[in-house]
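One-letter residues, chain by chain:
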Amino acid sequence: MAIKAVKGTRDILAPEIRNWTEYEERARKLFRRYGFEEIRTPIFEYTEVFSRGIGEDTDIVHKEMYTFADRKGRSITLRPENTASVVRSYIEHRMDLQARVKRLFYIGPMFRYERPQKGRYRQFYQTGAEVFGSSSPLVDADTIEMVVRLLRELGLTGLRVDINSVGCKECRPDYRAALQGYLSGHREALCEDCRRRMETNPLRVLDCKVQGCRTVVADAPSIQDHLCGGCRSHQEQVFHFLDMLGVSYRLSTGLVRGLDYYTRTVFEVISEGLGAQNAILGGGRYDNLVKELGGPDVPAFGWALGMDRLMMVLGDRKLYDEEATFYVLPVGNELTYAVETAAALKNGGYHAVVLAEAVSLKSGLKQVNRAGGRFVLLAGESEKEKEILILRDMKNSTQREIFARNLQKEIKNEIAK
Ligand code: AMP
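Residues numbered from 1 in each chain as written. Predicted model: local features only at pLDDT ≥ 70, side-chain atom pairs only at ≥ 80, totals over all residues. Heavy atoms only, no water.

A few points about the domain arrangement of the protein chain
We note that the domain assignment places domain 1 (16-171 + 227-314) and domain 2 (325-416) within the protein chain. The gap between the C-alpha centroids of domain 1 and domain 2 is 49 Å. (Domains from an automatic or database assignment.)

Describing unusual backbone geometry
Here the amide bond leading from A14 into P15 is cis, since omega sits at 0 degrees, within 30 degrees of zero. Relative to the helices and strands, P15 resides in the segment before α1 (16-33). Of note, R94 is a non-glycine position whose phi angle comes to about 45 degrees, a positive value. Mapped onto the fold, R94 is located in the loop between α4 (83-92) and α5 (95-98). Given a relative accessible area of 42%, R94 falls into the partly exposed group. (Helix = DSSP H or I, 4+ residues; strand = E, 2+ residues; numbered from the N terminus. Buried < 20%, exposed > 50% of the residue type's maximum accessible area, 1.4 Å probe, protein only.)

A few points about a nonpolar patch on the surface
A grouping of L138, M244 and L245 is seen on the molecular surface, where their side chains present a nonpolar patch of about 270 Å² in accessible area. By the secondary structure assignment, M244 is in helix α10 (residues 229-244). For M244, a relative accessible area of 58% translates into the label exposed. (Patch = residues over 30% accessible without salt bridge, like charges linked within 9 Å, V, L, I, M, F, W, Y side chains within 5 Å. Areas by Shrake-Rupley, 256 points an atom, 1.4 Å probe, with all protein chains shown as cover. Salt bridge = Lys/Arg side-chain N within 4 Å of Asp/Glu carboxyl O.)

Things to note about the pattern of salt bridges
Within this structure, the stated rule accounts for 25 salt bridges. Between E92 and R88 there is a salt bridge, and its shortest N-O distance comes to 2.9 Å. Placement of both E92 and R88 in helix α4 is noted, with a separation of four residues, approximately one turn of the helix. Note on E92: relative accessible area 53%, which makes it exposed. A network of salt bridges, in which partner residues are shared, links R18, K318 and E322.

Below, the structure written as structure tokens:
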């Protein structure tokens with residue numbers, strides 16, 4: 001039996017892949033406009049990077065990691081997200097000494113052992129941005145605005161920024177206690193996971209998708225009523241800068257996000273067309289993570305965007321311009337003339353393919369049809385002698401002779417038609 005791709009993984013093929021590469025090119029260009037540099041960390045790390053970086057009580061660390069022992073028995077994990085790895089790298093390379101504020105972005109695959117469903121894979125792709133070394137609310141707003149701009153420039157509409165604060169070391173314990181008190185009065189109505197979370201990480205209950213838990217959560221105390229002065233003023237300034245930058249947002253008091261490391265700002269960008277898995281990206285501030293992973297006391301802000309979901313939202317919309325390929329058909333045994341013609345086309349920046357396998361005119365044209373091609377250049381022996389080519393348009397089933405020396409000009413006219 002033929003071997004298939006592993007469950008939850010898939011091949012990204014043409015033409016879909018073209019949207020991916022075009023998106024990646026545009027994203028890279030845009031991020032550089034905002035002072036970000038690319039970083040590529042390994043796709044696997046010592047397990048500790050994630051267990052300490054993401055938090056033991058998260059779903060990711062608890063049950064979704066691809067963890068294995070390498071040949072020397074060390075515990076290795078395929079990265080389920082990239083923030084912890086980027087922080088590991090930031091610390092390892094003492095990037096805090098290189099710049100007061102360091103702006104980094106990444107694009108690449110992540111791995112989580114989740115139940116595959118629409119828009120949810122075991123190997124999926126994220127684009128992310130991280131800013132280290134600034135606690136300014138402007139960084140929060142600016143980094144959110146950057147990704148909103150990216151999505152807008154891709155032509156997306158129906159986007160919504162949901163934002164909240166999860167407080168800090170000062171005020172969260174107070175809120176946590178209030179929430180725990182409330183939840184313990186509704187214990188029976190919570191799902192099994194939430195009864196556990198209630199003890200270890202009650203804020204995560206706010207995130208639960210189970211209907212019974214949602215009903216309980218609807219009347220839970222709001223973190224907004226427990227923020228300390230510093231967190232409140234930070235939030236107000238983030239809103240102020242978002243207003244200034246023309247980003248519309250909605251305060252979403254139940255938003256907490258799945259990862260433990262967030263402080264103050266958390267946010268998600270929702271695409272209204274996506275259904276249940278409707279968050280395209282999420283992120284927030286994580287002022288304690290660098291220190292917790294053994295680095296200097298450096299505040300940070302970041303987000304991660306799910307590229308698979310983004311591509312779903314884009315659907316059939318093409319980000320790239322369709323460029324015509326010219327199929328050069330040797331006709332007969334004479335390959336040289338076809339090769340020269342194709343080289344001239346490529347020199348001019350056109351896409352050209354020699355149909356070296358075509359045994360006849362008929363089989364050549366059939367190949368082109370199957371590939372959905374439109375333009376064919378017949379470049380056989382008799383054409384070579386006359387220094388001409390026959391340019392055939394498959395769409396209209398028309399053809400005409402052109403002088404080889406006028407190739408570039410003729411092609412340009414043909415494409416413009
Ligand atoms: P997270 O790292 O969980 O905050 O996720 C950030 C974004 O990555 C989400 O908003 C999703 O768009 C995307 N994402 C997370 N998990 C998956 C998955 N298993 N398959 C596809 N996309 C995912």
